[in-house]
Amino acid sequence: MLWEKSIIYRVFVKKYKRYFIFGTISLIVVDIVNIFPPLIIKKTIDILPKETHLTRIVTFAGLFILVSFCQGVCRYLWRMNFIGTSFRCDYDLRMAFFKHIETLSQRFYQKYRTGDLMSRATNDIGAVRMAVGPGLLIGLDAIFYFFVIPPIIIYLSPKLSFYTFLLMPLTPIIAYKIKNIIDRRFRDVQEHFSRLSEKVQENISSIRVVKSFNMSQQEERRFLWLSRDFVKKNLKLAIPQSLLGPTFEYITYMGIIILLFIGGKMVIGGVITLGTLVAFQRYISMMVWPMTAIGWCLSLLQRGKASMKRIDEIMEETPVIVTNDKGKEQFIFTGNIEFRDVNFRYDPEKEWVLKGINLKISSGQRIAIVGPIGSGKSTLVNMLPRIIPTNKQSIFLDGVDINTINIKVLRERVGFVPQDTFLFSEKIADNILFGAKTEGSDNTSLRFARIVGIEEEIQELPHKFESYLGERGINLSGGQKQRISIARALAINPSIIILDDCLSAVDARVEDAIMKNILINFPGKTLIVVTHRLPAIRGFDIIVVMKDGMIVEKGTHKQLIVANGLYTSLYTKEVLEERFR
Ligand SMILES: Nc1ncnc2c1ncn2[C@@H]1O[C@H](COP(=O)(O)OP(=O)(O)OP(=O)(O)O)[C@@H](O)[C@H]1O
Ligand SMILES: [Mg+2]
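Fair warning: this is a prediction, and the values are worked out from it, not measured in the lab.

### Focus on the nonpolar core
Phase 1 of the analysis: Ranked by size, the top nonpolar core spans 46 residues in total, and within it Ile-432 and Ile-518 carry the most contacts.
Phase 2 of the analysis: Sort the elements by how many residues they give to this core and helix H17 (residues 478-490) lands first, with five residues.
Phase 3 of the analysis: If we skip the residues at most four places from it in the chain, Ile-518 touches Ile-451, Ile-486, Leu-490, Ile-497, Leu-499 and Leu-527.
Phase 4 of the analysis: Listed in part, the 31 residues of the second largest apolar core include Leu-384, Ile-498, Ile-528 and Met-546.

### A closer look at the coordination of the magnesium ion (ligand 2)
Phase 1 of the analysis: In the first shell of the magnesium ion (ligand 2), the protein supplies Ser-378 (OG) and Gln-419 (OE1), at 1.9 to 2.2 Å from the metal. A residue pair is termed long-range when its members are at least 10 positions apart, and Ser-378 in helix H12 (residues 377-382) and Gln-419 in the loop between strand E6 (414-417) and helix H14 (428-432) qualify at 41 residues.

### Focus on the sheet that holds strand E3 (residues 366-370)
Phase 1 of the analysis: Spatial ordering of the open sheet is given by E6-E7-E8-E3-E9-E10, a layout of six strands whose pairing is mixed. Each end of this open sheet is capped by a strand with a single partner; those strands are E6 and strand E10 (550-555). The average undirected angle you get between the axes of adjacent strands in this sheet is 15°.
Phase 2 of the analysis: Here five bridges tie strand E7 (residues 496-500) to strand E8 (residues 526-530), and the two strands are oriented parallel to one another. Residue pairing across strands places Ile-497 opposite Leu-527, the latter belonging to E8.

### What about the domain arrangement of the chain?
Reports of interface size often rely on the accessible area that becomes lost once the parts have come together.
Phase 1 of the analysis: Here the chain is partitioned into domain 1 (2-315) and domain 2 (337-423 + 494-580).
Phase 2 of the analysis: Centre-to-centre separation of domain 1 and domain 2, based on C-alpha positions: 59 Å.

### Describing the environment of Ser-26
Phase 1 of the analysis: For Ser-26, the position within the fold is in helix H3 (residues 17-47).
Phase 2 of the analysis: Placed 400 residues apart in sequence, Ser-26 and Glu-426 show a C-alpha to C-alpha distance of 47 Å.
Phase 3 of the analysis: In this structure Ser-26 touches Cys-74, Leu-77, Trp-78 and Asn-81, once residues within four positions along its chain are discounted.

### Re the site of ligand 1
Phase 1 of the analysis: Looking at ligand 1, the residues that line it are Gln-110, Tyr-346, Val-353, Ile-373, Gly-374, Ser-375, Gly-376, Lys-377, Ser-378, Thr-379, Gln-419 and His-532.
Phase 2 of the analysis: Gly-376 is positioned with one of its backbone polar atoms (N or O) 3.0 Å from an oxygen atom of ligand 1.
Phase 3 of the analysis: The contact in question runs from an oxygen atom of ligand 1 to an N or O atom on the side chain of Thr-379, over 2.5 Å.
Phase 4 of the analysis: When residues of the shell around ligand 1 are assigned to their parent elements, the largest contribution, three residues, is made by H12.
Phase 5 of the analysis: Here the shell around ligand 1 is built from residues that sort into three nonpolar, eight polar and one charged.

Calculation rules
- Residues numbered from 1 in each chain as written.
- Chains lettered and ligands numbered in written order.
- Predicted model: local features only at pLDDT ≥ 70, side-chain atom pairs only at ≥ 80, totals over all residues.
- Heavy atoms only, no water.
- Core = buried A, V, L, I, M, F, W, Y, C linked by side-chain atoms within 4.5 Å.
- Buried < 20%, exposed > 50% of the residue type's maximum accessible area, 1.4 Å probe, protein only.
- Helix = DSSP H or I, 4+ residues; strand = E, 2+ residues; numbered from the N terminus.
- Contact = heavy atoms within 4.5 Å.
- Donors = N, O, S within 2.8 Å, 3.2 Å for Na, K, Ca; no water.
- Pairing = 2+ DSSP bridges.
- Axes fitted to C-alpha atoms, helices over the stretch in contact; angles between N-to-C directions.
- Domains from an automatic or database assignment.
- Near = heavy atom within 4 Å.
- Polar contact = N/O pair within 3.5 Å; in protein donor to acceptor, adjacent residues only side chain to side chain.
- Nonpolar A, V, L, I, M, F, W, Y, C, P; charged D, E, K, R; others polar.

What follows is the structure, encoded as structure tokens:
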């Protein structure tokens, strides 16, 4: 149902009903109290000519003070309930959004650009907050005035009310027309903001590429165009927005002119008292606010609705990989892996990337996967921690289909170092202990740094393991980053260690030393290494050679050299290259 989808229902009715009720009650109290001052003024003015003592006037003044005190207290309560809830809702949405996108898979991140997601997580959530907070608040306030003031002034003088309200029917028509224009332009602005964020984000993360290709100026120009367009679109939006208030005010002031003209004549003719005319004027002025507020409220609600739709679009994305929290938790894994006729393609309309992969790996074995670029090596190893989805009954750990294992348990068992290293802008120690279960002491990060041969380099930094990386701190070399990301994977104490071409930025001597250290420190663990540097994996138990998504050769180094196939040619080429390096 439409109502059930609306943000007001989802936030106030479903979750924060209590705040809504309290907020509305205090709002109504404020508004009721607000209705009295013009009547008090009317009474005061009407008794003035006849009054000889100040007593009654003092009483009215006292009433005024009481009224404003009540207003102050209730205004505070109403703001705390409505605005407070809007921030609670902002928090809920932000957390739900973040939690949800954390579960989504690679395909999702290919579909949505980072800047776009950022703008949904910030701008759109903000727009929803404005709708459920100020939007709803001013809407209810305006509705109250709309329903309460007209009967009062009709009661004071039906004739005068008729004339002053002559112009009123114009208001909703104008409000509706302008609101439509605002909505259209607002959507345009939001979309453009996404593009702008995307550009900023892309340029920051690829600043080295931009600079090295001498593209700074060109990128600046592109950004300038985008920013100018953004300003233009905002100005276009500002026109109807700024017209809205003055139009309503104009209509209301026209009402006041009519009031002074006709009302003045009625006072002179003795049809109404002067007090009634003054009260009338006060009430008409009080109507200016709801007139403006209704338009404002409609536009805030409309924006909130559009933004909620954009957030829902993301929330409705389902993870390709189901986390399977209920799956086997008590899974004690010894390190046997079997790939059984594994086929995979990233896109149903594209070519198969893996074709009929069959491979058995026993616990504690050292496996190398080699092959030309794009042959499917990374795709294959990404399947083990289920970064990439796998069909049922195709990959087994100790004979158990990986789809049936609790994903958390599975990922704790697999220490995976992806081909693209990524470190957080945090301390080095925190990066190393990122996934480690125990609250590691410095010794723990030191131990893993030592295994990957980076300890000395870290100790030379001004703050050693406490040094911050990235934007807030130091920059590391490619090889240093790679080694820290290996240390991070080792720190979870996995049963299988997968290194996906993650030693490409260190020299052969360091690579050999790291491999040796891993083997010494993690005896009996299954080790899978994807590499282009074949001499490093000469001593491995099985070398798997892949080409075009298939396993074309398999065996030990000696066996493969004897076979004199693809491996031999890759190996010879690599050895020759290393000799001349
Ligand atoms: N996220 C993706 N979406 C679509 N296609 C992809 C994606 N990742 C890889 N591919 C394609 O799948 C094929 C295999 O890629 P993969 O990364 O597994 O190769 P690789 O053997 O690891 O190569 P390299 O040695 O360069 O690391 C390639 O043709 C690549 O273009
Ligand atoms: Mg790869």
